[in-house]
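Structural overview for review
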Amino acid sequence: MSTKSPSKLFINIVGIGKVSSSIARQLKGKTKFGHILSRDRAKAEQLAKELDGIPVTYDDDFLLDGIVLFGVNDSVLPYIQQKLERKVNNIIAVHFSGFHSSAIFPEEWSPVSMHPNCSVADEYHSFKNVIFGIEGSEKGLEIAKKIVKLVGGKYVTISTHDKALYHLAAVISSNFPMALAYLSLKIYEDIGIDNENARKIISTLMESVSKNISKYDLKDALTGPVKRKDWKVVEEEGKVFKEFFKEKYGINEDLYQQFVKILRKIVL
């Protein structure tokens, strides 16, 4: 079926990951589904039943035509063309990797990448108001924009050349705070606060910071001793950091100083 249909998009799925499954479920009733491909036949059959699609594995005889959503791991993407040799025809290939660009696929696939800027922890995630970073071929971008709209999201268009840099920014914002949460958790537990309450404290603090960032410029969103330019407190807490983390966890005080240096750039 042609992807130029004036009505519903025709979509196939290769790889039943959290993002591809979540997007597919939100497209149910808004698009038509073809083949649902997984190396695990049971998973393919389960999702195909939900979407009224056709379950297949790599060993089956099939031909993918139309839009193909690739929900495979980053480590598999470079080899997917070889795995699907002679099993694709006139497709528009869409993948969700944050790191890999659309160029990981051949040009004849009219490739595009659409990466959701959110943490997807399960296969039923909502993308309402989530901003996707999209880049790729002209045909691919047209399809990506339609899919984003259908799932209630938004998008920013980036260049293929900047894809890795774009993903680095996302990793810093989404993964690095987990490292900081770990450091906070170790302190809270050491002074006798149980794990559950410690996580609630950290979560509340991070949530309030997140809300401030969404409402204000970083300089206005920042709070704490650096914002107040209370350098004596900053210096003393640096000593506490060194005493606690260097001896118990082998984490150098330079980490603290580097973060202070960055925060100073925000306020000065």
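Check the entry above for the structure.
Quick caveat: nothing in here was measured; it's all calculated off a predicted structure. (Residues numbered from 1 in each chain as written. Predicted model: local features only at pLDDT ≥ 70, side-chain atom pairs only at ≥ 80, totals over all residues. Heavy atoms only, no water.)

A tally of regular secondary structure across the protein gives eleven helices and eight strands. In terms of principal-axis extent, the alpha carbons of the protein reach across some 70 × 35 × 30 Å. Considering the protein as a whole, with its 268 residues, one finds that 40% of them fall into the buried category. Accessible surface, the protein: about 15900 Å² in total, of which carbon and sulfur atoms supply 53%. (Helix = DSSP H or I, 4+ residues; strand = E, 2+ residues; numbered from the N terminus. Buried < 20%, exposed > 50% of the residue type's maximum accessible area, 1.4 Å probe, protein only. Areas by Shrake-Rupley, 256 points an atom, 1.4 Å probe, with all protein chains shown as cover.)

Turning next to the packing of aromatic side chains. Tallying each qualifying case throughout the model produces nine aromatic pairs. Summarising the aromatic geometry, the rings of Phe70 and Phe105 are spaced 4.8 Å apart at their centres and angled 50° between planes, so their arrangement reads as tilted. Of this pair, Phe70 sits in strand E4 (residues 64-70) while Phe105 sits in the loop between strand E5 (88-95) and strand E6 (112-116), and the two are 35 residues apart along the sequence. Here the two residues Phe70 and Phe105 agree in accessibility, since each one is buried. Taking the centre distance of 4.7 Å and the plane angle of 45° together, the rings of Phe241 and Phe245 count as tilted. Here Phe245 and Phe241 lie together in helix H10 (residues 231-249), a separation of four residues that amounts to about one turn. Taken individually, Phe241 and Phe245 each receive the classification buried, so the pair is uniform in this respect. Stacked on the ring of Tyr124, the Lys or Arg Arg25 has its end atom at 4.1 Å from the ring centre. (Phe/Tyr/Trp six-rings, centres within 6.5 Å; stacked < 30°, edge-to-face > 60°. Lys NZ or Arg CZ within 6 Å of the ring centre and 35° of its normal.)

Below, the discussion takes up the side chain of Lys87. Its location among the elements puts Lys87 in the loop between helix H3 (80-83) and E5. Buried charge Lys87 goes without a salt bridge, the closest partner of opposite sign being Asp61 at 6.2 Å. Within the structure, the side chain of Lys87 is placed 2.7 Å from the backbone oxygen of Asp60, a separation counted as a polar contact. Not counting residues up to four positions away in its chain, the partners in contact with Lys87 are Tyr58, Asp59, Asp60, Phe62, Leu63 and Leu64. (Lys, Arg positive; Asp, Glu negative; His and termini not counted. Salt bridge = Lys/Arg side-chain N within 4 Å of Asp/Glu carboxyl O. Polar contact = N/O pair within 3.5 Å; in protein donor to acceptor, adjacent residues only side chain to side chain. Contact = heavy atoms within 4.5 Å.)

Take the pattern of salt bridges next. Under the criterion given, the structure shown has eleven salt bridges. Here Asp60 makes a salt bridge to Arg41, at a shortest N to O gap of 3.0 Å. A residue pair is termed long-range when its members are at least 10 positions apart, and Asp60 in the loop between strand E3 (54-56) and E4 and Arg41 in helix H2 (residues 41-51) qualify at 19 residues. Note that Lys186 is salt-bridged to Glu189, the shortest N-O span being 3.7 Å. In this pair, Lys186 and Glu189 both sit in helix H6 (residues 176-190), three residues apart, roughly one turn of the helix. The structure contains a network of salt bridges with shared partners spanning Lys232, Glu236 and Lys239.

We now examine unusual backbone geometry. At Arg86, a residue that is not glycine, the phi angle is positive and equals roughly 65°. Among the structural elements, Arg86 can be located in the loop between H3 and E5. Overall, Arg86 belongs to the exposed group, its relative accessible area being 71%. A positive phi angle is found at Ser110, which is not glycine, with a value near 45°. Within the element layout of this structure, Ser110 appears in the loop between E5 and E6.

Moving on, we get to the pairing of strand E1 (residues 10-14). Burial analysis of E1 places five of its five residues in the buried class, the great majority of the element. In this sheet, strand E2 (residues 32-37) lies alongside E1 in parallel orientation, the contact comprising four bridges. Paired with Ile11 across the bridge in E2 is Phe33. This β-α-β element, E1 to helix H1 (residues 18-27) to E2, shows right-handed connectivity. As defined by bridge partners, E1 adjoins E4 across four bridges and the pair is classed as parallel. Within E4, the position partnered with Ile11 by the bridge is Ile67. (Pairing = 2+ DSSP bridges. Right-handed = clockwise from strand over helix to strand, strands pointing away.)

The next subject is the nonpolar core. By size, the foremost hydrophobic cluster in this structure holds 32 residues, and its most contacted members are Ile23, Leu69, Met114 and Phe132. The contact partners of Phe132, leaving out residues within four places of it in the chain, are Ile23, Met114, His115, Pro116, Asn117, Phe127, Val148, Val151, Lys154, Tyr155 and Val156. If you look at the next biggest cluster of nonpolar residues, it comprises 16 residues, including Val56, Val68, Phe70 and Ile80. (Core = buried A, V, L, I, M, F, W, Y, C linked by side-chain atoms within 4.5 Å.)

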